[in-house]
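# Summary of the model geometry
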Amino acid sequence: MFPDCYPELNETQRLVRDTIRAVAERELKPHTPAMESGETLPYPYIKQFVAALGMGSQGELTAAMAAAAPEDKLEHFLPPAVAIEVSRVDGGVLVSWGVSFGQVGMTIGKYGTPEQQAKYVPGLQDGSIIGSWCLTEPGAGSDAFGSMQTHARRDGDAYVLNGSKTFITNAPYADVFVVYAKLSDNGSGKDIQPFLVERGTPGLETSKPFKKMGTHSSPTGAVYLDDVRIPKENLLGGGVRERDHVKSRLGDERAGMPTLSLGLADRAFELALRYAMERRQFGKPIVEFQLVQRRLARMYGLLANMRSFVFCDFLAGRKVPRTTADVCAGKLYCCEAATQITHDAIHVLGGNGYMEEYEVERLARDAKLMELGGGTTEIQELTIARNLIAQATA
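Notes on the structure follow.

Criteria and thresholds
- Sequence positions are assigned chain by chain, starting from 1 and proceeding in written order.
- With pLDDT at 70 or above as the cut-off, local features in this predicted model cover only qualifying residues; side-chain atom pairs require 80 or more to be listed or tallied, and sums for whole chains, interfaces and linings still use all residues.
- Side-chain calculation: all heavy atoms of the structure are included, whereas hydrogens and water are not.
- Where helices and strands are cited, they refer to DSSP runs of H or I of at least four residues and of E of at least two residues respectively, numbered from the N terminus.
- All radius of gyration figures rest on C-alpha atoms, and the globule criterion is 2.2 Å times the number of residues raised to 0.38.
- Relative accessibility under 20% of the residue-type maximum defines a buried residue, over 50% an exposed one, and the middle range a partly exposed one, all with a 1.4 Å probe and only protein chains included.
- Accessibility throughout is a Shrake-Rupley quantity obtained with a 1.4 Å probe, and a residue counts as covered only by protein chains that appear here.
- Under the convention used here, Asp and Glu are negative, Lys and Arg are positive, and both His and the chain ends fall outside the count.
- One atom stands in for each charge, and that atom is NZ of Lys, CZ of Arg, CG of Asp or CD of Glu.
- The distinction between a cavity and a pocket rests on a 1 Å grid over the protein atoms alone: a 1.4 Å probe fits inside a cavity but cannot get out, while a pocket stays open yet meets protein on both sides within 12 Å along at least five of seven lines, and a residue with an atom within 4 Å of a point counts as lining.
- Grid points are joined across faces, edges and corners, and a volume is the space filled by probe spheres set on the points.
- Ten residue types, Ala, Val, Leu, Ile, Met, Phe, Trp, Tyr, Cys and Pro, are classed as nonpolar, four, Asp, Glu, Lys and Arg, as charged, and the remainder, Gly among them, as polar.
- Orientation is described by lines fitted to C-alpha atoms, with helices fitted over the stretch in contact, and by angles between N-to-C directions that extend from 0 to 180 degrees.
- The cut-offs work like this: below 35 degrees is roughly parallel, past 145 is roughly antiparallel, 65 to 115 is roughly perpendicular, and the gaps in between are oblique.
- Note on convention: the crossing is left-handed when the near helix lies turned anticlockwise from the far helix by less than a right angle, right-handed when the turn is clockwise.
- Any two residues having at least one pair of non-hydrogen atoms within 4.5 Å are treated as being in contact.
- What makes two strands pair is DSSP finding at least two bridges between them.
- Take the number of residues in a helix, subtract one, and multiply by 1.5 Å to get its expected span.
- Put simply, a salt bridge is a Lys or Arg side-chain nitrogen that is within 4 Å of an Asp or Glu carboxyl oxygen.
- Among buried residues, the Ala, Val, Leu, Ile, Met, Phe, Trp, Tyr and Cys ones that are joined through side-chain atoms within 4.5 Å form a nonpolar core.

Another point: the overall build of the chain. When helices and strands are tallied, the chain shows 13 helices and 9 strands. Relative to the globule expectation of 21 Å for 394 residues, the C-alpha radius of gyration of the chain, 22 Å, shows essentially globular dimensions. In terms of its C-alpha atoms, the chain occupies a principal-axis envelope of roughly 80 × 50 × 45 Å. Across the 394 residues of the chain, 53% fall into the buried class. In the form shown here, the chain has an accessible surface area of approximately 18,200 Å², with 54% of it arising from carbon and sulfur atoms. Counting 43 positive and 48 negative side-chain charges, the chain places the centres of these two groups 3 Å from one another.

Take a look at the structure:
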């Protein structure tokens, strides 16, 4: 058995992991080349994967889940295991699914009215509805809140939205958009609220998919709002009163990125180790050369540290409280580690690592996004430092 990114597992946990891996490799992997080239979209295959797995219904996980005991801690094991196994196959698919089901579905599930939840959440869960989470703007990236220009004006029983968003996952094809805008009728213009906008609403336009370095299987684009008029009932939850609710959702995105990064890194490490054991030069497998061993050892060291962070709740058997600094530190470390591991894998494979057919070059391109999305490396460093200083001077 090859070493991997998982902690020691019992029989039930291994069954769950192996089931998820088998379904992902059957339902998603055969379509990766076509998704990577843009010939097909990920959404039908996401829906098939969710249905086959049986998340929330009958499926291939049903038997394993039914046999689980409390000590199996599946409530803390299943979420990272699903994310890891999907990203091992195709990180872009997890990005699109994570935004639609995670960011959009959970935002509506947490803050939406019962009517909004009933209308959107089931479809976002089973993949029949594709969601897009719209925060970043052309002039508001790292300063997403202070520089936001998109605004919403109350007009009778409706809101009128104007502005634009960019680098938006699923934008070219989404069915429903959670659009963050500043309320311009409250005097300050500082109250940022999420609005639900459906495709087909007059004034809403989206761009064609952007051409990107990686995550080609996750369409990214721009959203344009030109006097988009929506009923007041489309204000999420009738208006979110929770302080820092936008930062809270952004924090959830950051908290999920180490798991995606771990899946990419785990696959790259596996491919590098297998190749090193099979590739022969100078009359012996290259894994016998000490410099190759050194590179593999350093890759595994990074992978082991990533595992400790991602599986923290599982290993503890409970939800471990994390400060903002903890979340940012986890993203900072794991995302940089994934980039390092995937690039090291290219080195182990040599010239073959640069070729598309050997997969590791795609993993490296996908991994780079993790250092940028959800807040750049520099933003993580600044946020960590500010929180440490605040704690020290409290």
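Structure shown, so let's carry the discussion forward.
This paragraph deals with the layout of surface pockets. Put simply, the second largest pocket is a space of about 440 Å³. Lining the second largest pocket are 18 residues; nearest its centre among them are Glu 356, Glu 357, Tyr 358, Glu 359 and Arg 362. Breaking the lining of the second largest pocket down by element, the ones donating at least two residues are α2 (32-37), α8 (245-278) and α12 (360-370). Looking at which element gives the most residues to the lining of the second largest pocket, the answer is α8, with 4 residues. Split by residue class, the lining of the second largest pocket holds 6 nonpolar, 2 polar and 10 charged.

With that out of the way, let us pick up the packing of α8 against helix α9 (residues 290-310). It is at 10 Å that the axes of α8 and α9 come closest, and there the two elements cross at 155°. Judged by the angle between their axes, α8 and α9 are roughly antiparallel. Judged by the twist between their axes, the crossing of α8 over α9 is left-handed. Residues Pro 258, Thr 259, Ser 261, Leu 262, Ala 265, Asp 266, Ala 268, Phe 269, Ala 272, Leu 273 and Ala 276 of α8 form the contact with α9, whose participating residues are Val 292, Leu 296, Met 299, Tyr 300, Leu 303, Met 306, Arg 307, Phe 309 and Val 310. Across the contact of α8 with α9, the residue classes break down as 16 nonpolar, 2 polar and 2 charged.

Another aspect to go through is the packing of helix α11 (residues 324-349) against α12. One way to put it is that α11 packs onto α12 with a least axis distance of 9 Å and a crossing angle of 160°. By the criterion of interaxial angle, the relationship of α11 to α12 is roughly antiparallel. Of the two elements, α11 crosses α12, and the hand of that crossing is left-handed. Mapping the contact onto sequence places Lys 331, Cys 335, Ala 338, Thr 339, Thr 342, His 343, Ala 345, Ile 346 and Leu 349 in α11 and Val 360, Glu 361, Leu 363, Ala 364, Ala 367, Lys 368 and Met 370 in α12. Grouping the constituent residues of the contact of α11 with α12 by class yields 10 nonpolar, 3 polar and 3 charged.

What follows deals with the pairing of strand β3 (residues 158-169). The element β3 is extensively covered by neighbouring structure, given that 9 of its 12 residues are classed as buried. Relative to β3, strand β2 (residues 151-155) is paired through 5 bridges, and the arrangement is antiparallel. In the strand pairing of β3, Arg 154 is matched with Tyr 159. What sits between the antiparallel neighbours β2 and β3 is a turn of 2 residues, in which Gly 156 has the positive phi angle 65°. Inspection of the sheet shows β3 paired to strand β7 (residues 220-231) by 9 bridges, in the antiparallel sense. Within the sheet, the bridge partner assigned to Val 160 lies in β7 and is Arg 229.

As a further point, take the environment of Ile 168. The residue Ile 168 is located in strand β3 in this model. C-alpha of Ile 168 to C-alpha of Leu 363: the two residues are 195 residues apart in sequence and 21 Å apart in space. Those residues in contact with Ile 168, other than ones at most four positions away along the chain, are Ser 132, Trp 133, Cys 134, Leu 135, Thr 136, Pro 219, Thr 220, Gly 221 and Val 223.

This next bit is on α8. Over its 34 residues, α8 extends 51 Å from the first C-alpha to the last, a length consistent with the 50 Å expected when each residue adds 1.5 Å. Among the 34 residues in α8, 24 count as buried, and that is most of the element.

Now for the side chain of Glu 85. Mapped onto the elements, Glu 85 comes out in helix α5 (residues 74-89). Assessed through its relative accessible area of 1%, Glu 85 is described here as buried. Not counting chain neighbours up to four residues away, the residues in contact with Glu 85 comprise Tyr 6, Arg 17, Ile 20, Arg 21 and Ala 24.

Take α5 next. Look at α5: 22 Å from first C-alpha to last across 16 residues, which is about the 22 Å you get at 1.5 Å a residue. Taking burial as the measure, the 16 residues of α5 include 14 buried ones, the bulk of the element.

What follows is about the pattern of salt bridges. Going through the model one piece at a time under the given rule, you end up with 23 salt bridges. One salt bridge connects Arg 229 with Asp 155, and the closest N-O pair in it is separated by 2.7 Å. Separated by 74 residues along the polypeptide, Arg 229 in strand β7 and Asp 155 in strand β2 bring together distant segments of the chain. Look at Asp 155 and you get partly exposed, because its relative accessible area is 30%. Residues Arg 362 and Glu 359 are paired through a salt bridge, measuring 3.6 Å at the closest nitrogen-oxygen approach. Of the two residues, Arg 362 and Glu 359, neither departs from the other in class, the shared state being buried. Taken together, the shared-partner salt bridges in this structure form one network comprising Arg 21, Glu 85, Arg 88, Asp 266, Arg 267, Glu 270, Arg 274, Glu 359, Arg 362 and Asp 366.

With that settled, the discussion passes to the nonpolar core. Core analysis: the largest hydrophobic core is formed by 87 residues, its most contacted members being Ile 20, Phe 49, Phe 77, Leu 161, Phe 195 and Leu 296. The element best represented in this core is α8, accounting for 12 residues.

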